[in-house]
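# Observations on chain architecture
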Amino acid sequence: MDPILQEQLFRGNPSDEMEVILKLRSDQILPKQTRIISRFGEIATCRIPRTSIHDLWSHPNVEDVQACRHVTLEESNSVPSSARLAGGSSAFASKRKKPFDFSGKGVVLGIIDKGFDPTHPDFIDPSGSSRFLAMWDQSSTLGNNSYGYGRMFFQKELNAAIRSRQPFQTLAYHPAWFDPGQMGSHGTHTCGIAAGNGRTGPMGVAPDVEIVAVNLSLGRTGKQISLGNSVRLLEAIDFISKVAGNQPLVISCSIGLHAGDHKGASLFEQAIDYWLQERKARACVMSCGNYFLSNTHQSGKLRQGEQQRISWVVRPRDRTPNELELWYSSQDELEIAVCLPNSKQCFRVLPQTRKTLILHGQKIGSLYHRLDPNTQDNQVVCYLYPHAPAGRWNLQLFAKDIQQGGYHAYIEKDSPLGNDQSFFPQSEANPLFTTGSICNGFLSIAVGAVDSHSKGFKLAPFSSAGPTADFRVKPEICAEGMNVPGPKSAGKGMVRSTGEHTLKSGTSMACPHVAGAIALLFEATPRPLHIQETRELLFSSTLKPEIISRLDRYRYGYGVLDIEKALEQINTTALSKRQ
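Since the structure is predicted, the reported quantities are computational estimates derived from the model, not experimental observations.

## Considerations on the sheet that holds strand 24 (residues 391–401)
In space, the four strands of this open sheet follow the order 17-24-19-20, with antiparallel pairing throughout. Here the strands that pair on one side only, and so sit at the sheet edges, are strand 17 (307–314) and strand 20 (346–349). Adjacent strand axes in the sheet meet at a mean angle of 20°, parallel and antiparallel pairs treated alike. In the sheet, strand 19 (residues 333–339) pairs with strand 24 via seven bridges, with the strands oriented antiparallel. Bridging across to strand 24, Glu-335 finds its partner in Phe-398.

This is the structure we're talking about:
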């Protein structure tokens with residue numbers, strides 16, 4: 001069973017329903033007590049009582065069950081600003097030879113993020129109507145819908161709210177709830193980069209798209225609202241698809257994690273690949289992650305009989321759970337030992353075994369060693385609970401039987417409510433293979449960040465590196481991600497937006513540039529494009545920056561976004577044929 005799922009079995013009320021992703025062998029037989037919420041071919045999100053998880057996992061029609069994974073945003077920093085930036089433009093926009101001939105008209109932009117401000121002028125058309133077709137606030141407890149949580153606002157309700165004297169009060173929603181630092185909410189900014197109409201500041205890439213936004217959330221945790229998880233992310237995509245109907249649709253998702261197989265084999269990534277093949281004129285664009293300098297990946301190669309030690313540092317002030325995953329070939333056999341800081345006490349596991357970590361009679365963690373059914377690779381997962389000792393933990397790898405020898409180790413990103421991050425010592429860390437763990441699918445598009453203010457589109461220092469663990473190109477493309485201007489949401493106590501803008505950096509900011517560009521392509525093409533055609537058109541038209549180092553090769557992908565060239569290539573013979 002999925003180690004994360006096993007860990008979640010022991011949390012909460014036994015009668016509570018759990019959110020899981022499952023893979024079915026057929027559509028005919030569903031396990032008892034299983035409520036299917038959304039479907040992506042043989043992949044489904046569902047709810048099931050905690051007490052029925054073992055029955056679900058062992059059901060003959062269930063191929064695999066995976067627990068929900070908490071996700072976090074890919075914003076590197078914010079630059080305080082209260083300027084309206086009227087008449088300004090992004091560095092990409094300032095390099096345009098002429099205005100784009102297309103604006104995304106007739107295309108839907110789905111954006112999954114945290115905190116949207118529907119009162120910002122950049123999301124209101126000249127008639128005073130909202131450009132949002134719908135917005136789903138997953139954090140709300142006031143709604144009633146088929147998903148069982150959150151509240152949905154459609155265009156009629158949004159129009160009534162923005163024309164009222166107290167729009168946020170009317171909606172019982174405020175973007176400041178999702179902006180604890182009061183620097184402008186992440187979702188408002190990324191949405192504006194892709195779709196802002198430029199009424200009070202820089203124009204977005206596709207200013208005439210229709211917007212469907214999902215405020216991803218698990219609800220309130222104490223005084224804060226958590227971001228969400230992989231289950232709710234898939235359900236957000238399902239909701240956006242239903243609202244978009246038969247219109248061309250591109251989804252922008254600036255969210256990620258560290259750990260995982262990095263082969264595109266997770267059930268989440270399989271679901272996205274199915275969704276992209278299901279219908280033409282669809283694309284899913286994801287940030288590749290801000291993990292290049294995070295020191296959260298380590299890799300190596302073992303020979304028969306060798307031993308390898310991996311250091312894992314937990315800071316003294318860290319009060320969050322910590323997780324380390326190690327992946328290696330099923331053709332190999334390793335014995336794994338986890339050793340406490342400043343101690344000779346170690347816990348050992350062979351394949352297909354599990355160990356509870358106990359110190360002074362108290363459970364401080366768990367250690368799992370299993371064969372993953374999706375990758376057919378061995379997976380080792382070590383969980384440390386918040387009260388586990390701080391310091392330098394050691395993982396010792398003993399090569400018992402080696403055919404391949406390679407391995408990858410990842411430290412999971414802290415939860416969005418965490419305040420610290422465990423890490424590998426810099427001398428042991430490897431910045432390659434650091435793309436986010438949900439962007440490695442075969443058909444989704446992962447985006448890295450460059451500094452377009454610099455000469456030659458220099459890479460942003462934080463932008464993650466590929467390749468995938470099975471050596472595919474990720475990220476595939478880069479776009480502007482340093483000090484990018486975008487709409488700033490209304491702050492705490494404000495009754496509506498005053499049209500301000502702010503600057504933010506991150507692969508989060510690069511992602512919506514590419515999503516907006518694809519919206520232009522969808523409008524411009526004479527027929528709906530299959531996702532493979534969209535990818536080819538986008539990647540074959542990129543700017544090719546000078547590769548300075550070996551590492552750069554794994555960070556630029558196929559090059560830097562060039563919207564003008566991509567639009568120019570549409571009139572080729574292959575794309576002109578109506579099929």
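## Some words on the sheet that holds strand 4 (residues 62–67)
With antiparallel pairing, four strands are arranged side by side in an open sheet as 2-3-1-4. Both edges of this open sheet fall to strand 2 (35–40) and strand 4, since each of them pairs with a single strand only. Ignoring strand direction, the axes of neighbouring strands in this sheet form an average angle of 30°. In the sheet, strand 1 (residues 17–24) pairs with strand 4 via five bridges, with the strands oriented antiparallel. Each bridged residue has a counterpart across the sheet, and for Lys-23 the counterpart in strand 4 is Asp-64. Lying on the sheet, helix 7 (residues 230–244) is in contact with strand 1, strand 2, strand 3 (43–49) and strand 4; it crosses strand 2 at an angle near 65°. Helix 8 (residues 267–278) contacts strand 1, strand 2, strand 3 and strand 4 of the sheet and is inclined by roughly 60° relative to strand 1.

## What about the state of the cysteines?
As used in these notes, a disulfide is a covalent bond between sulfur atoms, one from each of two cysteines. A full pass over the atoms with the stated rule returns one disulfide. Across the disulfide from Cys-339 sits Cys-346; the S-S distance is 2.1 Å. Every disulfide takes its handedness from the sign of the S-S torsion; for Cys-339 and Cys-346 that torsion is 105°, giving right-handed. Looking at Cys-339, the relative accessible area reads 5%, which means it is buried. According to the relative accessible area criterion, Cys-346 is partly exposed, its value standing at 32%. Cys-68 carries a free sulfur, and the closest cysteine sulfur to it, the one in Cys-46, is 11 Å from it. Since its relative accessible area comes to 10%, Cys-68 is described here as buried. A disulfide-free cysteine, Cys-382 has its sulfur positioned 10 Å from the sulfur of Cys-339, the nearest such atom. We classify Cys-382 as buried; its relative accessible area is 1%.

## Thoughts on the packing of aromatic side chains
Using the criterion set out here, one finds ten aromatic pairs in the structure. Ring centres 5.5 Å apart and planes at 75° place the aromatic pair Phe-123 and Phe-132 in the edge-to-face group. Phe-123 gets classed as buried once you look at its relative accessible area, which sits at 1%. Relative accessible area serves as the criterion here: at 0%, Phe-132 is assigned to the buried category. Judged by centre distance (5.1 Å) and plane angle (25°), the rings of Phe-539 and Tyr-558 are stacked. Residue Phe-539 is located in helix 10 (residues 531–539), and its partner Tyr-558 is located in the loop between helix 11 (550–556) and helix 12 (563–568); the two are separated by 19 residues in the primary sequence. The exposure class of Phe-539 is buried, given its relative accessible area of 9%. Taken together through their ring pairs, the aromatic side chains of Trp-136, Tyr-147, Tyr-149, Phe-154 and Phe-239 make up a single cluster. A cation sits over an aromatic face here: Arg-472 above Phe-442, 3.8 Å from the ring centre. One Lys or Arg, Arg-555, reaches over the ring of Phe-292 and ends 3.7 Å from the middle of that ring.

## Quick word on the pairing of strand 22 (residues 362–371)
Of all ten residues that make up strand 22, seven are buried, and the element is covered over most of its length. Bridging between strand 21 (residues 353–359) and strand 22 involves seven bridges; their strand directions are antiparallel. Residue pairing for strand 22: Leu-357 is matched across the bridge by Gly-365. Hairpin connection from strand 21 to strand 22: two residues lie between these consecutive antiparallel strands, with His-360 at a positive phi of about 55°. By the bridge criterion, seven bridges tie strand 22 to strand 23 (residues 377–384) in an arrangement that is antiparallel. Among the inter-strand pairings, Tyr-368 is bridged to a residue of strand 23, identified as Val-381. Where strand 22 hands over to strand 23, the hairpin turn is made up of five residues, of which Gln-376 adopts a positive phi near 60°.

Rules used throughout
- The written sequence of each chain sets the order in which its residues are numbered from 1.
- Confidence filtering applies because this is a predicted model: local features only for residues at pLDDT of at least 70, side-chain atom pairs given and counted only at 80 or more, and all residues used for totals across whole chains, interfaces and linings.
- Only hydrogens and water are set aside when side-chain values are computed; all heavy atoms of the structure are taken into account.
- Two strands form a pair only when DSSP identifies at least two bridges running between them.
- Put simply, DSSP H or I for four residues or longer makes a helix, DSSP E for two residues or longer makes a strand, and each gets a number counted from the N terminus.
- Think of each axis as a best-fit line through the C-alpha atoms, taken over the contacting stretch in the case of a helix, with angles from 0 to 180 degrees between the N-to-C directions.
- In this description, contact between two residues means that some pair of their heavy atoms is separated by no more than 4.5 Å.
- Working definition: a disulfide is two cysteine sulfur atoms within 2.5 Å of each other.
- Buried means the residue's accessible area, taken with a 1.4 Å probe over protein chains only, is under 20% of the maximum for its type, while exposed means over 50%, and partly exposed covers the values in between.
- Centres within 6.5 Å make a pair out of two Phe, Tyr or Trp rings, where for Trp the six-membered ring is used; the pair is then stacked when the planes are under 30 degrees apart, edge-to-face when over 60, and tilted otherwise.
- The criterion is that NZ of a Lys, or CZ of an Arg, lies within 6 Å of the ring centre and within 35 degrees of the ring normal, and then a charge sits over that ring.

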